[in-house]
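Take a look at the letters that make up each chain.
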Amino acid sequence: MLPIATPPAIPSTDELVERAHAMIPHLRAVGPGHDTARRISDDVARRLRDAGFFRICQPVENGGYGMRPSTLWRVSREIARGDSATAWILSLAGLHPWMAGMFPPEAQDEVFAGGQDAVVIALTGNVGRGVQARLEDGHYVLDGKWTYASGIDVADWAATLVEVPTAEGGTELRLLLVPRASFRIDHDSWNVFGMKGTGSKDVYLSGERVPPHRSIRWSDVQCNQVPGLARNKGPIYRIPHTSLFVMSVAAAATAVATGLLDINLETIRKRTPVGLNAPQVEDRFSLAELGKAGAKIEGAFHLLLRNVDEMWDQAVAGQPFTVAQRTRYRMDGALICDMAMEGADALVRNLGGGLMPLGPLERYFRDLHAMASHFLMQSAPSAELHGRALLGMPMPANARI
């Protein structure tokens, strides 16, 4: 084990939120440039790191803050008030130091050398294309393509889900930690309608050798029996993986809906709609629509916090998570996203005929709809799983809960 430098002082949640809030003006200024560049800037990534945001879910045993994930997503909501693309990267990649802490201590020493922070992305949602893996001298050797590598330009590592051969002649799913420098990034691959600035590009590996200590069985991740528990004792390592992962996507969508609400409020305050001949703030029906939509977005955010804090408190108490809880968290993630998007759509509709010249509102609208298309945010598959759990029916073999 490598020695860890003196751990940083752990700030309060309020202090971290204040740091994020202070970034809003700068993020608003540079956000459109992220769309043009098809990635968030190195400067913004550095500011996020300097503020300690990637330490929030990093285990204390590796120099992190070991805080509740709800702290991360309170911070992400403030970041979204400035830039939707940055909020997406932070909501997801800000959680993933927790995943790096699942690997054996030897791998953790590489990722968090000397107690440094780390930006870790996840390539786990069936995003591999033509991936081949073989065993060679005890190492896994990887070739292939992966899509939707959100944040790869500013990442240090990627946790990559791969079907690999076993010594016994079979195969198994494993998470493999690969340094970002090993990937070839196709910078021209990210041409999309929404989320242009997230840089969720195609990446390639060729002959990448991954030592065994940088791999863990996916089945162990799903049942919280990972080798990283030899070092990391925080409550987050007793929370179901998929339950937290679902909430990271829902958190991003809710944060962006909040940013859209901010833009909407600024627009309505100075707008006189065609045909009304009076400021929109004097239109009672517009105010009613605004009130309903704002409450729906806020309600989505509070359901998010309630769920993740419930997970944390239950993990602290050492109580196991039932199948019905896990399916509810999967369903609630989709519900949170739906609530946020419904509120945001109502806000846009409330602006009337000249609703979206190119600009911040249009960008947030596109980004939110793109985020809501994530496979974990689809309510029908999630609802079916929760319905099965409520009736005590067995889960499908491939159910991700």
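Placed above this text is the structure.
Residues numbered from 1 in each chain as written. Predicted model: local features only at pLDDT ≥ 70, side-chain atom pairs only at ≥ 80, totals over all residues. Heavy atoms only, no water.

(A) Region of interest: the packing of helix α4 (residues 69-80) against helix α5 (residues 84-93). Running from N to C, α4 and α5 point in directions that differ by 165°, and their axes come no closer than 8 Å. On the basis of the axis angle, α4 is roughly antiparallel to α5. The way α4 lies across α5 gives a crossing that is right-handed. Here α4 contributes L72, W73, V75, S76, I79 and A80 to the contact with α5, which in turn contributes S84, T86, A87, L90 and S91. Partitioning the contact of α4 with α5 into residue classes produces seven nonpolar, four polar and no charged. (Axes fitted to C-alpha atoms, helices over the stretch in contact; angles between N-to-C directions. Helix = DSSP H or I, 4+ residues; strand = E, 2+ residues; numbered from the N terminus. Parallel < 35°, antiparallel > 145°, perpendicular 65-115°, else oblique. Left-handed = near helix turned anticlockwise from the far one by under 90°. Contact = heavy atoms within 4.5 Å. Nonpolar A, V, L, I, M, F, W, Y, C, P; charged D, E, K, R; others polar.)

(B) Geometry of the pairing of strand β7 (residues 201-210). Two elements, strand β3 (residues 139-149) and β7, share seven bridges in a ladder whose sense is antiparallel. Within β7, the residue paired with Y140 across the bridge is V210. Note that strand β6 (residues 184-186) and β7 share three bridges and pair antiparallel. Counted as the bridge partner of R184 is Y204 from β7. (Pairing = 2+ DSSP bridges.)

(C) Local environment of the side chain of T124. Along the polypeptide, T124 turns up in the loop between β1 (120-123) and β2 (128-136). Using a relative accessible area of 6% as the deciding quantity, one classes T124 as buried. Not counting residues up to four positions away in its chain, the partners in contact with T124 are M99, A159, L161, L175, F245 and R400. (Buried < 20%, exposed > 50% of the residue type's maximum accessible area, 1.4 Å probe, protein only.)

(D) Just the packing of aromatic side chains, in detail. Under the defined criterion, the tally for this structure stands at three aromatic pairs. One residue, R77, lies across the ring of F301, its end atom 3.7 Å from the ring centre. The ring centre of Y204 lies 4.2 Å from the NZ or CZ of R184, which sits over that ring. (Phe/Tyr/Trp six-rings, centres within 6.5 Å; stacked < 30°, edge-to-face > 60°. Lys NZ or Arg CZ within 6 Å of the ring centre and 35° of its normal.)

(E) Molecular detail of the pairing of β3. Here seven bridges tie β2 to β3, and the two strands are oriented antiparallel to one another. Pairing of R129 across the sheet is with K145, part of β3. The hairpin formed by β2 and β3 contains two residues between the paired strands, and D137 there has a positive phi angle of roughly 55°.

(F) The sheet that holds strand β8 (residues 215-217), seen in detail. Taken in spatial order, the four strands make up an open sheet running β1-β4-β5-β8, and their pairing is mixed. Pairing within the sheet leaves two strands with one partner each, and these edge strands are β1 and β8. Neighbour-to-neighbour, the strand axes of this sheet turn through a mean angle of 30°, independent of strand direction. Two strands pair when backbone bridges link them, and β1 and strand β4 (residues 157-165) are joined in this way by four bridges, in the parallel orientation. Opposite I121, over in β4, you have A158 as the bridge partner.

(G) Representation of the nonpolar core within the structure. Among the nonpolar cores identified, the biggest contains 121 residues, and F53, I56, W73, I79, L123, L175 and F183 are the most heavily contacted of them. Examining the composition of this core, we find that 16 residues originate from one element, helix α9 (residues 241-269), more than from any other. If we skip the residues at most four places from it in the chain, I56 touches L16, Y65, G66, M67, R68, T71, L72 and V75. (Core = buried A, V, L, I, M, F, W, Y, C linked by side-chain atoms within 4.5 Å.)

(H) Inspection of the pattern of salt bridges at higher detail. Counted under the stated rule, the structure contains 33 salt bridges. With a shortest N-O distance of 2.9 Å, D50 and R46 are connected by a salt bridge. Highlighted residues: D50 and R46, both in helix α3 (residues 42-50), separated by four residues, approximately one helical turn. Exposure remark for R46: the relative accessible area of 41% places this residue in the partly exposed category. The partner of R209 in a salt bridge is E136, and the shortest N-O contact between them spans 2.8 Å. Pair noted here: R209 is in strand β7 and E136 is in strand β2, with a separation of 73 residues, a long-range link. According to the relative accessible area criterion, R209 is partly exposed, its value standing at 34%. One continuous salt-bridge network, built from bridges that share partners, spans D35, D83, E362, R363 and R366. (Salt bridge = Lys/Arg side-chain N within 4 Å of Asp/Glu carboxyl O.)

(I) Inspection of unusual backbone geometry at higher detail. With phi around 60°, N126 is a residue other than glycine that occupies positive phi space. Here N126 lies in the loop between β1 and β2. Since its relative accessible area comes to 66%, N126 is described here as exposed. Positive phi, normally seen in glycine, also occurs at M195, with a value near 60°. Relative to the helices and strands, M195 is located in the loop between β6 and β7. On the basis of relative accessibility, which here comes to 7%, the residue M195 falls in the buried class.

(J) Spotlight on the sheet that holds β7. Reading across the sheet, the four strands line up as β2-β3-β7-β6 and stay open at both edges, with antiparallel pairing between neighbours. A single partner strand is all that each edge strand has here, and the edge strands are β2 and β6. In this sheet, adjacent strand axes meet at a mean angle of 10° when their direction is disregarded.

(K) Seen up close, the environment of V308. Structurally, the position occupied by V308 is in helix α10 (residues 284-317). The class of V308 is buried, set by a relative accessible area of 1%. Through-space distance from the C-alpha of V308 to that of Y329 is 8.9 Å; in sequence the pair is 21 residues apart. With residues up to four places along the chain from it excluded, the contact list for V308 reads S70, W73 and M247.

Read these as spatial facts, not as claims about activity.
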